[in-house]
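Here is what each chain is made of, one letter per residue.
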Amino acid sequence: ARSDRTRAVLSQVTARLEYISNYLVSDADRMEYEEWVRRLLSPVAAELGWQPKPGESDETKSLRARVLHTLGYAGRDRDVIEKARQLTGKALQDPASIDPTVAFTAFSLAAENGDAALYDKVMAKLQSPGGNLESYYLYFHTLSKFRDPKLLHRTLDYAISPAVRSQDMLGMIAAVMKNPAGAKPAWDFVRKHWPELEKVGGGFTSAEVVAATSAFCDAEMYDQVRAFFTEHDVPTAERTLKQSLESIHNCADLKLRQIPELSTWLQQKGSA
């Protein structure tokens, strides 16, 4: 059994591996980075498996979800992705067939590698009556995980439709903004629909949307965010805006400096 400290370190490592995957890996180095992640995490994933064991701690269950997602997301592990698809397909027919502690990991990986057919199935389950709140939010958040821009545009349009409760609207839009594939489409959507978002969300609109911009990571987006919120005052989120701009700037600077460093490291030690 892994110690609490080991579990905590592994959880931190998975978060950093996904951050690196999102922002610091060039297209030329992508395959080698993915291979390195697979070599690093595959033994841990094999030990944890997909099913919780009797008497297992909540920390271990959480670690399983993190490791499997990172292995499928940053490592593009084919077996993990295929298993996630299988579990998601079964769960869409029978929600009780999947353990709740890995449900979001499975659905996220399936969506990240999914198509319009899967999107339609998730949307249908979201809109069907009779489900519990946990299942509702599982389907709800899965819609923001797809990578196809057309599907993400559907999610954004759905977010401001009467079908979505006003208290959930901003969360769905923010989730798309935090998806690297949806960052720019969601930001363009926010700017286009800002009056509608303000009307629905009131003062909370600016805080949630401004916080979501912290996921951006380039100088152009920094300039756009600063210019937009200079023109559209956000008095309830001044501190959040400052923090988001700082985060975008730091990430863009880190990316500029670390992409070549990471490339060199992968060439020298990635196969070790």
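Residues numbered from 1 in each chain as written. Predicted model: local features only at pLDDT ≥ 70, side-chain atom pairs only at ≥ 80, totals over all residues. Heavy atoms only, no water.

Taking 1.5 Å of rise per residue, the 19 residues of helix α2 (residues 30-48) would be expected to cover 27 Å, and the 26 Å separating its terminal C-alpha atoms lies within 8% of that figure. Of all the bends found along α2, the most pronounced is centred on Leu-41 and spans about 40°, while Pro-43, a proline, follows it within four residues. Buried within α2 are the following residues: Tyr-33, Glu-34, Val-37, Leu-41, Val-44, Ala-45 and Leu-48. Positive backbone phi, approximately 65°, marks Gly-49, located one or two places after α2. (Helix = DSSP H or I, 4+ residues; strand = E, 2+ residues; numbered from the N terminus. Expected span 1.5 Å × (residues − 1). Bend = angle between axes of the 7 residues up to and from the residue. Buried < 20%, exposed > 50% of the residue type's maximum accessible area, 1.4 Å probe, protein only.)

For the structure shown, the criterion picks out 10 salt bridges. Residue Asp-120 is joined to Arg-154 by a salt bridge in which the shortest nitrogen-to-oxygen separation is 3.0 Å. One end of the pair, Asp-120, is in helix α6 (residues 116-127); the other, Arg-154, is in helix α8 (residues 149-159), with 34 residues separating them in the sequence. Residue classification places Asp-120 among the partly exposed positions, given a relative accessible area of 38%. Here Asp-253 makes a salt bridge to Arg-257, at a shortest N to O gap of 3.0 Å. With Asp-253 and Arg-257 both in helix α14 (residues 238-269) and four residues apart, the pair spans about one turn of that helix. Among the residues examined, Asp-253 registers a relative accessible area of 34% and is labelled partly exposed. One continuous salt-bridge network, built from bridges that share partners, spans Lys-184, Asp-188 and Arg-191. (Salt bridge = Lys/Arg side-chain N within 4 Å of Asp/Glu carboxyl O.)

Here the focus is the state of the cysteines. By definition, a disulfide links the sulfur atoms of two cysteines through a covalent bond. For the structure on display, the rule yields one disulfide. Here Cys-217 connects covalently by a disulfide to Cys-251, the sulfurs 1.9 Å from one another. Torsion about the S-S bond of the Cys-217 and Cys-251 cystine: about -90°, corresponding to left-handed handedness. Highlighted residues: Cys-217 in the loop between α12 (203-212) and α13 (219-231) and Cys-251 in helix α14, separated in sequence by 34 residues. (Disulfide = S-S within 2.5 Å.)

Within the structure shown, the criterion is met by 14 aromatic pairs. On the numbers, 5.4 Å between centres and 85° between planes, the contact of Trp-36 with Trp-265 is edge-to-face. On the criterion of sequence distance, the pair formed by Trp-36 in helix α2 and Trp-265 in helix α14 is long-range, its members being 229 residues apart. Take Trp-265: its relative accessible area is 31%, and that puts it in the partly exposed class. Taking the centre distance of 5.4 Å and the plane angle of 75° together, the rings of Trp-187 and Phe-228 count as edge-to-face. (Phe/Tyr/Trp six-rings, centres within 6.5 Å; stacked < 30°, edge-to-face > 60°.)

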